[in-house]
Amino acid sequence: MAKQAAGLSPGQLMWRRFKRDRTGVISACIVLFFFAVAILAPVISMLYGKDAYTLYGQDNLDLLDEFNMPTGGAGGISADHWFGIEPNLGRDVFMQLVYGMRTSIYTALAATVLMVVIGVFMGLVGGYFGGKIDYWVGRLTDFLLGFPSQLFFIASMPVVVAAFVRPDEETPTTLRAIAIIIVLSFLGWMGLSRLIRAETLTLREREFIEAARISGASPSRIIRKELMPNIITPVLVQATLLLPSTILSVAFLSFVGVGFVEPTPDWGRMFAIGADIYEQDPVYMLFPGVAMVVFVVAFNLLGDSVRDAFDPKSGR
Amino acid sequence: MLRFLTRRTLGAVLTLFLISAVTYFMFFAIPQDPALLACGKNCTPDALKVIHTNLGLDQPVAVQFWHYMVGIFAGRDLPVGECAAPCFGISFDSGQPVWDTIIDRLPLTLSLSAGGLVVFLVVGLGLGMLAAWKKGTKVDKTVSSASLVLSSLQIYFLGPVVLGIFVYSTGWLDKPKYVPLTESFSGWFMGLLIPWLVMSVIFTAQYTRMSRSSMIEQLQEEHVKAARAKGMTSRFVFFRYAWRGSLIPIVTIIGMDMGALFGGAMVTELTFGLAGVGRLARDSVVLKDLPLTMGVLIFSAAFILLFNVIVDAAYAFIDPRVRLS
């Protein structure tokens, strides 16, 4: 008996197309692997038997030479310390990287979610209500796009931190993370907002929205029940493209020295350390560097694949 | 044309004023006491008092902002010293006028940004056009995948690796340093070569991708097809018809990327230990030198906006439709 042709939801169709895209599936696996490492960092630490804070080089004097560089060449890689030993302080590089990725990915994830929420809200409001509201949302977007963003990031970090903590106190790591999230999302939502606005403008004129309006639905209901399901695709695509760039922004802040500070392990700060001691110990930089390149490449490929799966017409 | 440019310039001036206002109020209004922020951890009540009077903090923020704005055009007489015409205040840390410090560091950052811009435009647009020309072939695929990997590299990772290969191991090049252009061209060029190449990498890939897709789009336009149909050589059509059209979206993006270019210059300066405006910005933030941070921020914003207006003018030059609308 012939199988009855069943209707497929857009989500199912997307999943079908995505599964056939080999590049997409492989990059999804790589991205998932990185996320798993970030989430399971404490478990990895337990199995590996070391943590990100202990100064192994100070306890075991064989690990660092008289210049505080790892002994034995190749950054001090050994069966005990898979990725070697950090110069000067003598921490375990593998644990630094695992926990550093955890810090960066968690922070970037939170910032991206906030950007998406603000961007979708602003775009929907501007696009749906139009007129004066749209005009002012548009002006605000343009204005914020005119900001020299990276410079503004680093300049506003201490100010935002100071809003929470008195200058004579130590800043807890969570507050630093919150400050980074606020600063990054403040200037990170405009692209998405513009996109959502454009989508909403075309959707607004469609019959089903008109029907909902005539049937007496409130604007908030129309936005939630009629518009939202239709913009979920571009939102998802944009979010997958936004996350890697946010991770790079977090790394940028820490590299520059205003993001996460000692002793919080952080991906970006590893580059600052690596650049400092590169002449003496080039191996150290290799691990965070290669990990980041692989991660960003995989994520960008995943973003392309997700876009193609949702919208096969768009092409590359 | 003139009206279009005037409108854009006025818009830029207004944006700059708003950016200045927002940053000023943010720096001087959000923290309960900016003097405390500037004073840091080892603050004594005496030091706090000095900073208070120096900043004129006894006045309302709006009045302070007014003085600051007037000072930029007319100069100010600050308690810490005379501050001549373009007055952005006096640095807490060095005691020097902010303007002088910025101008002092500017040539390096300008050289870095301009050189980087040239490299990534030439390489990026060139590769993109090549890929579009050879669309679907091995060349196209190689260029596309190379640009994907390149775009995922970071200046702070690539920089030390390049240094390791070309300076520390082989000794082919010297460690990057800044020699003013007025002193020696070759010194200037060789000193900044590595930073330019490394810095341009992050942008090259993006421009390759963009110019490729823009070019492919243009090659399918009716006027390009018509030109081919009436027997013009593909080379002529490619460069004179399609290329010009493909530049339009790219020029827009260049304007929008100016801020990122400055950010790139900042990371490059930090990676290679060069002392430019970007480094100044970072150091001022770390040292909590508020007047300096403010000054660099406004100055850079002005520069970026100025460049945006120039790009808009170029845009109108390339695409006649902009002039008419």
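Residues numbered from 1 in each chain as written. Chains lettered and ligands numbered in written order. Predicted model: local features only at pLDDT ≥ 70, side-chain atom pairs only at ≥ 80, totals over all residues.

When helices and strands are counted, chain B shows 13 helices and two strands. Out of the 325 residues belonging to chain B, those deemed buried represent 41%. The long-range share in chain B, meaning contacts at least 24 apart out of those at least 6 apart in sequence, stands at 65%. (Helix = DSSP H or I, 4+ residues; strand = E, 2+ residues; numbered from the N terminus. Buried ≥ 20, exposed ≤ 12 C-beta atoms within 10 Å, placed from the backbone. Contact = placed C-beta atoms within 7 Å.)

Right, let's get into the overall build of chain A. Helix and strand counts for chain A come out as 13 helices and zero strands. Here chain A, with 316 residues, has 44% of them falling under the buried criterion. Taking the contacts inside chain A whose residues are at least 6 apart along the sequence as the reference set, 69% of them involve residues at least 24 apart.

So, on to the packing of helix H7 (residues 149-164) of chain A against helix H10 (residues 234-272) of chain B. Two elements in contact, H7(A) and H10(B), have axes separated by 7 Å at closest approach and are oriented at 60°. By the angle between their axes, H7(A) is oblique relative to H10(B). Together, A:Ser149, A:Gln150 and A:Leu151 of H7(A) and B:Gly259, B:Ala260, B:Phe262, B:Gly263 and B:Met266 of H10(B) make up the contact between the two elements. In the contact of H7(A) with H10(B), the residues fall into four nonpolar, four polar and no charged. (Axes fitted to C-alpha atoms, helices over the stretch in contact; angles between N-to-C directions. Parallel < 35°, antiparallel > 145°, perpendicular 65-115°, else oblique. Nonpolar A, V, L, I, M, F, W, Y, C, P; charged D, E, K, R; others polar.)

Looking now at the interface of chain B and chain A. Counting residues at the interface gives 43 residues for chain B and 37 residues for chain A. Every element with two or more residues in the side of chain B that touches chain A is listed here: helix H1 (2-29), helix H2 (34-39), helix H6 (138-151), helix H7 (155-169), H10, helix H11 (277-286) and helix H12 (290-318) of chain B. At eight residues, H10(B) tops the list of elements feeding residues into the side of chain B that touches chain A.

The subject of this paragraph is the UniProt feature "transmembrane region" (unreviewed entry) in chain B. Residue and element names in this part refer to chain B. According to UniProt, the "transmembrane region" (unreviewed entry) feature falls on residues 12-30, 114-133, 145-168, 188-208, 247-272 and 292-318. Taken end to end, residues 188-208 is 100% helix and 0% strand, and its two terminal C-alpha atoms sit 27 Å from one another. End C-alpha to end C-alpha, residues 247-272 measures 33 Å, and it is 100% helix and 0% strand. (UniProt positions renumbered as here; feature names shortened; annotations may be inferred.)

Inside soluble globular proteins, nonpolar side chains tend to come together where they are buried. Among the nonpolar cores identified, the biggest contains 144 residues, and A:Ile154, A:Met157, A:Leu253 and B:Ala281 are the most heavily contacted of them. For this core, the leading source of residues is helix H5 (residues 93-129) of chain A, giving 16 residues. Here this core gathers at least three residues from each of two domains, domain 1 (16-83) and domain 2 (98-324) of chain B. For A:Met157, the residues in contact, after removing those within four places along its chain, are A:Ala179, A:Val183, A:Leu253, A:Val258 and B:Val285. (Core = buried A, V, L, I, M, F, W, Y, C linked by C-beta atoms within 7 Å. Domains from an automatic or database assignment.)

To continue, consider the confidence of the model for chain B. Per-residue pLDDT for chain B has a mean of 80; in total, 88% of the residues score no lower than 70. Per the prediction output, this complex has pTM 0.83; the corresponding ipTM is 0.80. (pLDDT = per-residue confidence, 0-100.)

As a further point, take the UniProt feature "domain: ABC transmembrane type-1" (unreviewed entry) in chain B. The positions UniProt marks with the feature "domain: ABC transmembrane type-1" (unreviewed entry) are residues 106-315 of chain B. Within residues 106-315 of chain B, the helical portion is 83% and the strand portion 0%, while the C-alpha atoms at the span's ends are 27 Å from each other.

This part is about the environment of A:Thr171. All names here are of chain A. Structurally, the position occupied by Thr171 is in the loop between H7 and helix H8 (173-186). What makes Thr171 partly exposed here is the crowd of 16 C-beta atoms within 10 Å. Each C-alpha atom, one on Thr171 and one on Val161, is 7.7 Å from the other, the two residues being ten residues apart in sequence. Excluding residues within four positions of it along the chain, Thr171 makes contact with Val161, Val165 and Arg176.

We now examine the environment of A:Ser45. Residue and element names in this part refer to chain A. Looking at the element boundaries, Ser45 is found in helix H3 (residues 41-48). The exposure class of Ser45 is partly exposed, given the 17 C-beta atoms found within 10 Å. Residues Ser45 and Val98, 53 residues apart in the sequence, show an inter-C-alpha distance of 8.6 Å. Setting aside anything within four residues of it in sequence, one finds Ser45 in contact with Lys50, Asp51 and Met95.

All names here are of chain B. Mapped onto the elements of the fold, Phe27 is located in helix H1. With 23 C-beta atoms counted inside 10 Å, the residue Phe27 sits in the buried group. Considered as a pair, Phe27 and Phe303 are 276 residues apart in the sequence and their alpha carbons are 21 Å apart.

Further remarks concern helix H12 (residues 267-276) of chain A. By the criterion of burial, H12(A) is predominantly enclosed, with eight of the ten residues buried. What H12(A) keeps buried is the set A:Trp267, A:Gly268, A:Arg269, A:Met270, A:Phe271, A:Ile273, A:Gly274 and A:Ala275.

All names here are of chain B. Running from N to C, H11 and H12 cross one another at 145°; their axes reach a closest spacing of 8 Å. In this structure, the crossing between H11 and H12 has a hand that is left-handed. Taken together, the residues of H12 that come into contact with H11 (itself represented by Val277, Leu280, Ala281, Ser284 and Val285) are Leu292, Thr293, Val296 and Ser300. (Left-handed = near helix turned anticlockwise from the far one by under 90°.)

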